[in-house]
Each structure stands twice: as C-alpha cells, then as structure tokens.
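Breakdown of the fold
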Amino acid sequence: MPAIRMDGRAVAARWKEEARKRAEHCLEHGVTPHLAVILAGEDPASRVYVRNKENACAKAGIRSTVIRLAQDCTQEELEKTVLTLNEDPGVHGILVQLPLPKHLCEARVLALVHPDKDVDGFHAMNAGRLMIGQKGFVPCTPLGVMKLLEAYGIPICGKHAVIIGRSNIVGKPMAMLLLAANATVTLCHSHTQGLAELTRQADILVAAVGKPGFVTAEMIKPGAAVIDVGINRTQDGLTGDVEERAADVAGFLTPVPGGVGQMTIAMLLSNTLDAAERHGC
Ligand code: NAD
C-alpha cells in the first residue's frame, strides 16, 4: 500500500484559521499583532519566502512590515535596524530572513533580536530554553513537523526518531522536540558513518539535508513516517530530499511542496500571536 501523504496544506489551513481568530481577538482588545521582517539583499528565494510570509500575515489579519536593506548594507546598519525594532512597542515579532549576504555576520545579528520578539526561535536564549524544557519560542519548521505528526496521530513516545541534518534551524531543535516527546533520537550529519543502517531503524525519519533524492527507498523502514524538510530547486521544479520511490515503503510521507513548508509559515503566525498576546490580548 502506498504511503499516506501528509497534507501540510490542509493541516496548516487549520492553524491559519486559528491564527486569524487569535488576531481578531487581539484587535478587539486594542492590540494589532505586528511582525517585522528584515530582508537584506537580493536573494531570489528569500524574496519569495518573504512575500509568502507577508501574504500569510495579511490573510490572518496580522500586520507585517518588511524592512528591505541593500545587498551591500553594513553590519552596523543591519544591527541598528534590529535594535530600533526591539525598542518599538508596536512590533511584537522580529524575523531576520536568512541567509544574509556573505559579508554580514548572522550570529551577531540573531543575538541582538530581543528574545521576547524572536518569533523564529533562533536566539541563544530560546535555543537554551528548548534544550532545558522551558517555554520559549521554538523554530517554526521543527515545530511545524511536530504539529503535523500530531495531526496524523503518529506515535512518538518510545519510538526511534532519526534526523538527518544538524542545523540550528532544523536538525538540532527537531532533535530536542522529539526528545521532549520521549522519542529515542539519533541525530545524523555529514560525518555520520553507516547512515542507511541508522535510517532503516527509524520509526520517524526526518530529512533536512538539502540534497534532492538523498533519502532512497532502501534507507526507509517499512511503515515509517518520513518527513521531508528539504526544499531543492531543480530543473523539474521544487523537490525534497526524499526520492519518489519512498512512497512504496513508508507508511506516511510529506510531499514537497505542500508538506512541511506550509506548516513553517503557519507556525510563524502562531509564534507572532504568542508574542502579541503577551501585550494583554
Ligand atoms: P544546512 O545546510 O544548514 O544543513 C544541512 C545538514 O545536512 C547539515 O547538518 C549536514 O551535516 C547534513 N548533511 C549534508 N550532507 C550529508 C550527508 N551526506 N549525510 C548526512 N548528512 C548530511 O540546511 P538547513 O538549513 O538545515 O536546511 C536543510 C534543508 O531543509 C534545505 O533544503 C532547506 O531549504 C530546507 N528547509 C526547509 C524549510 C521548510 O520550511 N520546509 C525550512 C528550513 C529549511
């Protein structure tokens, strides 16, 4: 039986509707939820992502402001922009679109975003909170994966979850979330030996590598839930990290597009509303 396709679009639509109601409630209490996005440079993919975020905010009734900085903007200019937004009581969430142009230091900028406005969950304070099980902002993509697993009733407790990719944005927070949900977690990366042996033990397999077709059907345990986080631009359009044939082996599989990407945006709305609701709505 082919894998059940996990419809990120449908699950995200429910979260977006919830966000719309929450935003309405904020407005009724005199608070306009407001997300500020800093877009430095001309990266075409980043521009698309930012446009999608703006559209999603508009549909949910969340105000969004995009601050566009030139490709050759200085570190000082970027940092000043963040500091100004930190001080603005009308801005609830701040997001610095990544990647930044090469001459800018990402770590220094992310460290400046006020942790209470860090709706991407990339600040060390929020990463630390996640690590020790305290409440804080959780990065949108791995949070979206958790909500998708939940929506499809996929058991996590006591299961073996294998993640491929250890970035601060996806792999590491994904490991923390699955661990907190009582999975046994294996975090794999480019130096992992015997990768396929490990992935074949996974009840839940998360691929966040950025290489089209990286996960083959042979790497998957029959019946496993396979979450494809990868977004790769190929000649054939957008593809994930998991090859098509995986659907013959997996029990559940997320499509690309229409899977995790949709959940990421829905979680950004949810995090922004969490930030706005701290202002008494
Ligand atoms: P990254 O480049 O920071 O990390 C890639 C990871 O893959 C690294 O940790 C590396 O160790 C691992 N890796 C590379 N080659 C490997 C190999 N041969 N064996 C095992 N591991 C290997 O990327 P990222 O920011 O974590 O993103 C990963 C993918 O997810 C990209 O395609 C990105 O576009 C996508 N992404 C999607 C969303 C979404 O909303 N769906 C959000 C963020 C990222």
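Preceding block: the structure.
The notes below deal with the structure included here. (Residues numbered from 1 in each chain as written. Predicted model: local features only at pLDDT ≥ 70, side-chain atom pairs only at ≥ 80, totals over all residues. Heavy atoms only, no water.)

Here's the deal with the sheet that holds strand β2 (residues 34–40)
Just so we agree on the cut-off: For two strands to count as paired, DSSP must find a minimum of two bridges between them. Each helix corresponds to a stretch of at least 4 residues labelled H or I by DSSP, and each strand to a stretch of at least 2 residues labelled E; elements are numbered beginning at the N terminus. All axes here are fitted lines through C-alpha atoms, helices being fitted over the stretch that makes contact, and every angle between N-to-C directions spans 0 to 180 degrees.
An order of β3-β2-β4 is seen for the 3 strands of this open sheet, with the pairing classed as parallel. The open sheet is flanked by β3 (63–69) and β4 (93–96), the only strands paired with a single partner. In this sheet, neighbouring strand axes are inclined to one another by 15° on average, regardless of whether the strands run parallel or antiparallel. Bridge analysis of β2 against β4 gives 4 bridges, and the strand direction is parallel. By the bridge assignment for β4, A36 is matched with I94.

Some remarks on the pattern of salt bridges
Opposite charge on two side chains makes pairing possible when the charged atoms of those side chains draw close. Applied cut-off: Should a side-chain nitrogen of Lys or Arg be within 4 Å of a carboxyl oxygen of Asp or Glu, the pair is scored as a salt bridge. Buried means the residue's accessible area, taken with a 1.4 Å probe over protein chains only, is under 20% of the maximum for its type, while exposed means over 50%, and partly exposed covers the values in between.
The tally for this structure, following the rule as stated, stands at 11 salt bridges. One salt bridge in this structure joins E17 and R20, with 2.8 Å as the shortest N-O distance. Placement of the pair is E17 and R20 together in helix α1 (residues 8–28), with a separation of 3 residues, close to one helical turn. Ionic pairing is found between E24 and R20, a salt bridge with its closest N-O pair at 3.1 Å. Separated by 4 residues within a single helix, E24 and R20 lie in helix α1, roughly one turn from each other. For R20, a relative accessible area of 30% gives the class partly exposed. When salt bridges that share partners are traced, they join E17, R20 and E24 into one network.

Honestly, it's all geometry; don't read function into it.
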